[in-house]
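# Fold and geometry: a report
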Amino acid sequence: MSDAMSAEFDTVAEWTAAVARDLGPPYHVPAGCRGSGNPAALDWLIGELDLRRGKTLLDCGAGVGGPAAYAVGRQPVTPLLVEPEAGACRAARSLFGFPTVQGSADALPFADVSVDAAWCLGVVCTTPDHDAVLRELRRVVRPPGRIGLLVFVARTPLTDDETPEGNHFPTPGSLGDAVAAAGLTVVSRLRTSDLPEMPGEWQDRVDRVDEELERRYGDDAAWQVAERQSGQMGDLLADGRIFGEVLSLRLS
Ligand SMILES: C[S@@+](CC[C@H](N)C(=O)[O-])C[C@H]1O[C@@H](n2cnc3c(N)ncnc32)[C@H](O)[C@@H]1O
C-alpha cells in the first residue's frame, strides 16, 4: 500500500479510534464510518442485502468498523471484518469488539460460500485489481449471493497526476465489466449524490472528531497527508470527475 494510503487508513484510523473512545460511545459509529459516511446509504444496503438476525455480514475493507457497527445497531447480524491495515484492525476491535481479520479483498482469508452477505464500501477504488475483488466477494457469499458496494467511479479515466496517490478508480464501463466477469448482476443502484444529507447530529459528531484529530495531530505529517488525500477526493467529487455509486449485486 502507498505511504499516503497507510497514513490515511492505518495511522489516522488508530488515532480516530482513540479520539472516539475519549469522546464516548455516541461518537464511535460516526467516527468509524470513513468512506461510507452517509447512514442513508447503509440503510439502503441493509434493506437490499436483506440483513436480518442470524445472518453473517462480511465487511470487506472494514476500516475502523463503523459501517458494520451501524448494521448491527439496525439489525442483529453477525459481523465479520477484514481489513489489510493493522492499525485499522486494532481500531475496529477496540471500538466495537467484532472479529476482525487482517487480510486483503483480492485474496479473502475465508472459505467458499461461508457468509450470507458481504459489503465493500469505499474500497474498490483503493485496489488495483477490481476483477479479483469482485471474484473473491462472489466466492465467499452463499446463494443468492447478496453483495453491496459503495464505489467511487471516474466518469472518464483520470491521469496519474489527477488521481490521489494509491487510488484506482474504475470507469462505469470497467466496473460493469468487472461485475459481469465475476458472475454477478446489478440488482439495483443509486448515486450517493441522490441520498439525503447526513443527519445533523451525525455530521456534528463527525466534525467534533475531526476537530479533535486536528487539535491532537495537526502537526503530524501523517495527518497532513491524509487531509491532502481526502481534500483531493472532495475536489474530484465536487468537480464531478468522480461520483459515488452504491450497488446491490447478486450471483448471475
Ligand atoms: C475509504 S476507507 C473505507 C473504510 C470502510 N469501508 C468505511 O466505509 O468506513 C477504504 C478502506 O479500504 C481498505 N483497503 C485498501 N486496500 C484494500 C484491500 N486490498 N483489501 C481490503 N481493504 C482494502 C483501507 O485500508 C481502508 O480501510
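Just so it is clear, the model here is predicted, and its values are computed rather than measured.

### Here we look at the site of the ligand
Neighbouring residues of the ligand: 21 residues in total, closest Arg34, Ser36, Gly61, Glu83 and Ala105. Contacts to the ligand include Gly35, whose backbone N or O atom sits 3.3 Å from an oxygen atom. Between the ligand and Leu121 there is a distance of 2.8 Å, counted from a nitrogen atom to a backbone nitrogen or oxygen. Protein contacts shield 94% of the accessible area of the ligand, which totals 590 Å² for the unbound molecule. Of the residues belonging to the shell around the ligand, the class tally is 9 nonpolar, 9 polar and 3 charged.

### Details of a negative patch on the surface
Together, Asp204, Asp207, Asp210, Glu214, Asp219, Asp220 and Glu227 give the surface a local cluster of negative charge. With 4 residues, helix H8 (residues 200-217) is the largest single contributor of residues to the negative patch. Here Asp220 lies in the loop between H8 and helix H9 (221-239).

### Here's the deal with the UniProt feature "domain: Methyltransferase type" (unreviewed entry) in the protein
Listed under "domain: Methyltransferase type" (unreviewed entry) in the UniProt record, and renumbered for this structure, are residues 58-147. Across residues 58-147, the secondary structure splits into 34% helix and 29% strand, with the terminal C-alpha atoms separated by 9 Å.

### As for the side chain of Thr126
Looking at the element boundaries, Thr126 is found in the loop between strand E4 (115-121) and helix H6 (130-140). Among the polar contacts made by the side chain of Thr126, one reaches the main-chain carbonyl oxygen of Val123 at a distance of 2.6 Å.

### Looking at the pattern of salt bridges
Counted under the stated rule, the structure contains 15 salt bridges. Among the salt bridges present, the one from Glu211 reaches Arg208, with a minimum N-O distance of 3.9 Å. Residue Glu211 and its partner Arg208 are both found in helix H8; the two are separated by 3 residues, about one turn of the helix. Glu212 is the salt-bridge partner of Arg208, the closest N and O atoms lying 3.8 Å from each other. In this pair, Arg208 and Glu212 both sit in helix H8, 4 residues apart, roughly one turn of the helix. Since its relative accessible area comes to 7%, Glu212 is described here as buried. A single network of salt bridges, built from pairs that share partners, joins Asp22, Arg208, Glu211, Glu212, Arg215 and Arg216.

### Focus: the environment of Ala17
Relative to the helices and strands, Ala17 resides in helix H1 (residues 3-23). Classification of Ala17 by relative accessible area gives buried; the value is 0%. The spatial distance from the C-alpha of Ala17 to the C-alpha of Leu95 is 6.5 Å, given a sequence separation of 78 residues. Contact partners of Ala17, with chain neighbours within four places excluded, come to Ala91, Ser94 and Leu95.

Procedures and definitions
Residues numbered from 1 in each chain as written. Predicted model: local features only at pLDDT ≥ 70, side-chain atom pairs only at ≥ 80, totals over all residues. Heavy atoms only, no water. Near = heavy atom within 4 Å. Polar contact = N/O pair within 3.5 Å; in protein donor to acceptor, adjacent residues only side chain to side chain. Areas by Shrake-Rupley, 256 points an atom, 1.4 Å probe, with all protein chains shown as cover. Nonpolar A, V, L, I, M, F, W, Y, C, P; charged D, E, K, R; others polar. Patch = residues over 30% accessible without salt bridge, like charges linked within 9 Å, V, L, I, M, F, W, Y side chains within 5 Å. Salt bridge = Lys/Arg side-chain N within 4 Å of Asp/Glu carboxyl O. Lys, Arg positive; Asp, Glu negative; His and termini not counted. Charge placed at Lys NZ, Arg CZ, Asp CG, Glu CD. Helix = DSSP H or I, 4+ residues; strand = E, 2+ residues; numbered from the N terminus. UniProt positions renumbered as here; feature names shortened; annotations may be inferred. Buried < 20%, exposed > 50% of the residue type's maximum accessible area, 1.4 Å probe, protein only. Contact = heavy atoms within 4.5 Å.

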